[in-house]
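Summary of the model geometry
The primary structure of each chain is shown beneath.
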Amino acid sequence: MRISLNWLRELVEIKLSPKELAETLTMAGFEVEEIEDRRTWANGVVIGKVLERQPHPNADKLSVCQVDIGADEILNIVCGAANVKADIYVPVATTGTYLPNIDLKIKPAKLRGVPSQGMICSLKELGLPTDVDGIHIFTQENLPLGSDVRPLLGLDDVILDLTATANRADALSIVGVAREVAALTGGKLSISQPGEVSIPKNAGNLALKIADTQACPAYIGTVIESVKIAPSPEWLQQRLRAAGVRPISNVVDITNYVLLEWGQPLHAFDSDRLQSLTNGENLTIGVRFATAGESLKTLDGQTRTLASQNLLITANDKPVALAGVMGGQETEVHEGTQSLVLEAALFDSVAIRRSSRSAGLRSEASGRYERGVNRAELEIANRRALSLISELASGIIVQQEIADTRPDPSTWSRSIELRLDRVNQILGPIELEEDMGELQEQDVERVLTALGCQLTPSGEDTTHQRTWSVSVPPYRYRDLEREIDLIEEIARLYGYNKFCDTLPEKAEAGYLPLDQELIRKLRAFLRAEGLTELIHYSLVKPGEDRNIVLSNPLFAEYSALRTDLISGLVDAFQYNLEQGNGALNGFEIGQIFWQEEDGLEETEALAGIVGGDRTLGKWSKSGQEQPLTWFEAKGILESVFRQLSLEIEFQPDRRDDRLHPGRTASLWIRGNRLGIFGQLHPQLRREKGLPDSVYVFQLDLNVVLDSLEQDEILTPAFQPYSTYPASDRDIAFFAPVKVSVTELEKAITQAGKDLLESVELFDEYRGENVPEGQRSLAFRLIYRASDRTLTEAEVEPVHNKVREALVEKFGVNLRS
């Protein structure tokens, strides 16, 4: 918003220079984007009178003028304007004057052989907009020659281009800015209230019909007759130009002036044109939302197709204006207007925002309604406009109708409890002359009182600190709602730069938490095995057991939280195959969610999928695929866990119907279930069109991290290599099929733990000469001591102990 300092000085005492005031406002949250010092535009331009005008002897379009500027000497000035003539008062730029808007310095010159001692100026050359093609001619009589032209043209002014934040609707008016300046600088406020306007009691032909009182809580319609449309007086035009508004006529200019002064949008309808649309004597002004198919030609000349979001002003139910946005062209005030209906109304900010956006139209009025117009000053702005119309347009008020559903005026303010200790707790210490301190009671009271708040001490709290009950003025009702809002105002007006700024005493080096370091290692080991990390949405289709379904999904396909990671990996594998990218070998770390009887649960999981032919050089196999075996896939996991120094047990498992019942294992660490690993079920594989062997796994990441956080893993102890040779023994036997190799290895390790270094299965056989229900297994056992070479006498007793343990525990039939 453009603020004229001359206008502002009429409302508030200003002791600061324009630059200092701009800095003060900016520091208080009202950014001043530009300071437009108009005093420099016509510095050295004075009032002159053209005494005589003669045609130029050597140029048809030039004139030679004798101009009196009140000096000892009459100036000879060559002028090219067609409207120059004798006996007129004009602005004259004297020799040495610099005109910044046209970047010209006036110097003595000769034009076509005739000397010229200055320049008669147009308004454009002085930086002012004008429709006149030629020099400016003052309409006043008997002007003092040689006096400064700037007061006459409104160029003795400075304009501040100020931006208010979205929550400060009250600052979109000169009155609001004056209040803010008074609070910031301590200047005396001089905002005069417009006097009462005489409203006749007799009934007229105007009636109001507000269909939606929530969208329009208050509407004042005033009928004014005997209006004389004419140009506005110069002072009014100058103030509008300073604010960036083009003067049109006295009535329209008055509505724009009140908008700028009080922040209350107004609109004037031509009463006769409204009447002509109604086809009747009675006129009913209504407010309602549009219906599909209606249209309205607005003041900008565009015919707009209306939507149900558009709030309308109607005359006998016919649209005549977009409420709070722009009037209609059919009922606008024109040169022949003789009677008016002046609208002063309050509209709901949400309704106007939607209407403006739907129509693709923004205006000064809609910008204010969207932020919230002060409901307590509607009558003040209306009286101001009516008094100006009576004064400047000779209007006579004949009727006024009011539709008001606003709440009781006693509710237009609110009381907020404010605690002094909370103020200091939020804002911190302030800088005193030689030390630091806290805000005192008088500081808080001074700042809030300057804002127009009323403070009533309400005693002390439990910490013996002062508390107040703060009554907020109506014009800040939308902005000041809570205690923290008052604290913000205290900081803003007291001065942010007066608070101590502190930094941390010492910066510490950053580090990753242990779990993040371990997860990074885990990712690196999985990538080293040839798996690509994948990321899927946590949202999936509903329908799974124990699903958590969203109450407000964006799409039906993404309306539930995933209960595992395997389903997403299988779909990704299928998609890559269908796109011709081959088998997908990847892993994913992410959250999974499920529903329990006592509430919702979530955890972090690690899952992976491998399949297809992982070998290179298919030419060596004549292009034939070599499917991944169960043990090769299992070896990928074992390799990762071996690098993490974790010992994993595999136990048969048949609980997941998506996996092959004979090729699925559950994974365990130290008695804790870790997860599952297995081959996809053949039926699922055929449905998805996947290769012969695809393997998946899913692990509980928290169990993995808990196991990795053991001290012996985080800080492994050094174990030297033995420099002595090993002694190996083979052992072969028939064992029941139901006995797993893992159980056998555990028994062998436990029996030979003193000297046994490693156990390795190197042969399995089922078939001829093997008893039914059994299999032939052969293990190689490596014995070694770290301090000596073992003898036969030392190895044999331990080996016999292993044989005995196998027979005793599992009933095996030894073959060697």
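Our subject is the structure that appears above.
Note that this is a predicted model, so its numbers are computed, not measured.

The helix and strand inventory of the chain stands at 21 helices and 42 strands. In terms of overall size, the chain is more extended than a compact globule, its C-alpha atoms giving a radius of gyration of 45 Å where 816 residues would be expected to give roughly 28 Å. Taking the principal axes of its C-alpha atoms as reference, the chain extends roughly 140 × 75 × 70 Å. In the chain, which comprises 816 residues, the proportion classed as buried is 46%. In the chain, of all internal contacts separated by at least 6 residues, the share reaching a separation of at least 24 is 67%.

Residue R112 is not a glycine yet carries a positive backbone phi of 55°. Within the secondary structure layout, R112 lies in the loop between β9 (109-111) and β10 (114-116). Of the residues examined, R112 reaches a relative accessible area of 55% and is grouped as exposed. At D317, a position not held by glycine, the phi torsion is positive, near 70°. Relative to the assigned elements, D317 resides in the loop between β19 (311-315) and β20 (318-322).

Another aspect to go through is the packing of aromatic side chains. For any pair of aromatic rings, the description consists of the separation of the ring centres together with the inter-plane angle of the planes. Taken as a whole, this structure holds 10 aromatic pairs when the rule is applied. Judged by centre distance (5.6 Å) and plane angle (75°), the ring pair of Y537 and Y558 falls under edge-to-face. A residue pair is termed long-range when its members are at least 10 positions apart, and Y537 in the loop between β29 (532-533) and β30 (539-540) and Y558 in the loop between β31 (548-549) and β32 (560-561) qualify at 21 residues. Residue Y558 is classed as partly exposed on the basis of its relative accessible area, which comes to 36%. Measuring from ring centre to ring centre gives 6.3 Å for F677 and Y695, while their planes differ by 15°; the resulting arrangement is stacked. Residue F677 is found in strand β37 (residues 672-680), and its partner Y695 is found in strand β38 (residues 694-700); the two are separated by 18 residues along the sequence. The pair formed by F677 and Y695 is uniform in burial state, with each residue classed as buried. Here the aromatic cluster, defined as three or more aromatic residues joined through ring pairs, consists of W630, F631, F650, F677 and Y695.

In this section: the pattern of salt bridges. The full count for this structure, using the stated rule, is 43 salt bridges. As a salt-bridge pair, R546 and E596 come within 3.3 Å of each other at their nearest N and O atoms. Here R546, found in the loop between β30 and β31, pairs with E596, found in strand β33 (residues 586-596); they are 50 residues apart in sequence, far enough to count as distant. Between E764 and R766 there is a salt bridge, and its shortest N-O distance comes to 3.2 Å. On the basis of relative accessibility, which here comes to 41%, the residue E764 falls in the partly exposed class. What makes R766 partly exposed here is its relative accessible area of 48%. Among the charged side chains, a salt-bridge network with shared partners connects R168, D170, E180, R476, D479, E489 and R492.

Sheet architecture is open: four strands sit in the order β15-β22-β14-β23, paired in antiparallel fashion. Each of the sheet's edge strands pairs with one partner strand only, and the pair in question is β15 (266-270) and β23 (396-404). The average angle at which neighbouring strand axes cross in this sheet is 20°, direction not considered. As judged from the seven bridges shared by strand β14 (residues 218-225) and strand β22 (residues 340-346), these two strands associate in the antiparallel manner. Bridging from a neighbouring strand, I220 pairs with A344 of β22. Each of β14, β15, β22 and β23 touches helix α10 (residues 378-392); the most contacted strand, β22, lies at about 160° to it.

With that settled, the discussion passes to the pairing of strand β5 (residues 75-79). With five of its five residues buried, β5 lies for the most part within the structure. Here β5 shows a buried face lined by L75, I77 and C79 and a second buried face lined by N76 and V78. Note: strand β4 (residues 63-68) against β5, five bridges, orientation antiparallel. Among the inter-strand pairings, C65 is bridged to a residue of β5, identified as I77. Counted along the chain from β4 to the antiparallel partner β5, the turn is six residues long, and its residue G70 has a positive phi close to 80°.

Take helix α5 (residues 234-242) next. Within the sequence span of α5, burial applies to L236, Q237, Q238, R239, L240 and A242. Here the buried face of α5 lies against β1 (2-4), α1 (5-11), α3 (150-153), β12 (158-163), α6 (250-262) and α10. Just downstream of α5 lies G244, where phi reads positive at about 85°.

What follows deals with the packing of helix α11 (residues 420-427) against helix α13 (residues 483-494). For the pair α11 and α13, the least separation of the axes is 10 Å and the interaxial angle reads 65°. Here α11 and α13 pass one another in a crossing that is right-handed. Here R422, V423, I426 and L427 of α11 lie close against α13, whose contacting residues are E483, I484, I487, I490 and A491. Looking at the contact of α11 with α13 residue by residue, the class counts come to seven nonpolar, no polar and two charged.

Attention shifts here to the environment of L790. With respect to the helices and strands, L790 occurs in the loop between β41 (774-783) and α21 (792-810). Taking relative accessible area as the criterion, L790 reaches 12% and is therefore assigned buried. Sequence separation between L790 and R246 is 544 residues, and the spatial gap between their C-alpha atoms is 109 Å. Once residues within four sequence positions are removed from consideration, L790 is found in contact with L755, Y783, R784, A785 and V795.

Attention now moves to a negative patch on the surface. Taken together, E597, D598, E601 and E602 make up a surface patch of like negative charges. Its place among the elements puts E602 in strand β34 (residues 599-611). For E602, a relative accessible area of 48% corresponds to the partly exposed category.

Burial in helix α12 (residues 441-450) covers these residues: D443, V444, V447 and L448. For α12, the buried positions fall inside an angular range of 115° around the axis, keeping them on one side.

By the element assignment, N424 lies in helix α11. You can call N424 buried: its relative accessible area is 8%.

Inspection of the secondary structure puts P661 in strand β36 (residues 659-669). P661 sits 262 residues away from Q399 along the chain, and the two C-alpha atoms are 91 Å apart.

We now examine the pairing of β34. Sheet topology places β33 next to β34; 11 bridges connect them, and they run antiparallel. When the bridges of β34 are listed, Q591 appears paired with E604. Pairing of β34 with β38 involves seven bridges; the strand directions are antiparallel. Among the inter-strand pairings, A605 is bridged to a residue of β38, identified as D700.

Taken N-terminus to C-terminus, the directions of helix α20 (residues 741-751) and α21 make an angle of 135°; their axes are 9 Å apart at the nearest point. For the element pair α20 / α21, the angle class is oblique. Here α20 runs over α21; the crossing is right-handed. Along the contact surface, α20 presents E743, L744, A747, I748 and A751, while α21 presents K801, V802, A805, L806, K809 and F810. Looking at the contact of α20 with α21, its residues break down into eight nonpolar, no polar and three charged.

The next thing to look at is the sheet that holds β5. Whether parallel or antiparallel, the strands of a sheet pair through hydrogen bonds between backbone atoms. What the five strands build is an open sheet, ordered β5-β4-β3-β6-β11; its pairing is antiparallel. The sheet terminates laterally at β5 and β11 (118-120), the two strands that pair on one side only. Sheet twist, expressed as the average angle between the axes of neighbouring strands with direction ignored, equals 45°.

What counts as what
- Residues numbered from 1 in each chain as written.
- Predicted model: local features only at pLDDT ≥ 70, side-chain atom pairs only at ≥ 80, totals over all residues.
- Heavy atoms only, no water.
- Helix = DSSP H or I, 4+ residues; strand = E, 2+ residues; numbered from the N terminus.
- Rg over C-alpha atoms; globule rule 2.2 N^0.38 Å.
- Buried < 20%, exposed > 50% of the residue type's maximum accessible area, 1.4 Å probe, protein only.
- Contact = heavy atoms within 4.5 Å.
- Phe/Tyr/Trp six-rings, centres within 6.5 Å; stacked < 30°, edge-to-face > 60°.
- Salt bridge = Lys/Arg side-chain N within 4 Å of Asp/Glu carboxyl O.
- Pairing = 2+ DSSP bridges.
- Axes fitted to C-alpha atoms, helices over the stretch in contact; angles between N-to-C directions.
- Left-handed = near helix turned anticlockwise from the far one by under 90°.
- Nonpolar A, V, L, I, M, F, W, Y, C, P; charged D, E, K, R; others polar.
- Patch = residues over 30% accessible without salt bridge, like charges linked within 9 Å, V, L, I, M, F, W, Y side chains within 5 Å.
- Areas by Shrake-Rupley, 256 points an atom, 1.4 Å probe, with all protein chains shown as cover.
- Lys, Arg positive; Asp, Glu negative; His and termini not counted.
- Charge placed at Lys NZ, Arg CZ, Asp CG, Glu CD.
- Arc of directions from axis to C-beta.
- Parallel < 35°, antiparallel > 145°, perpendicular 65-115°, else oblique.

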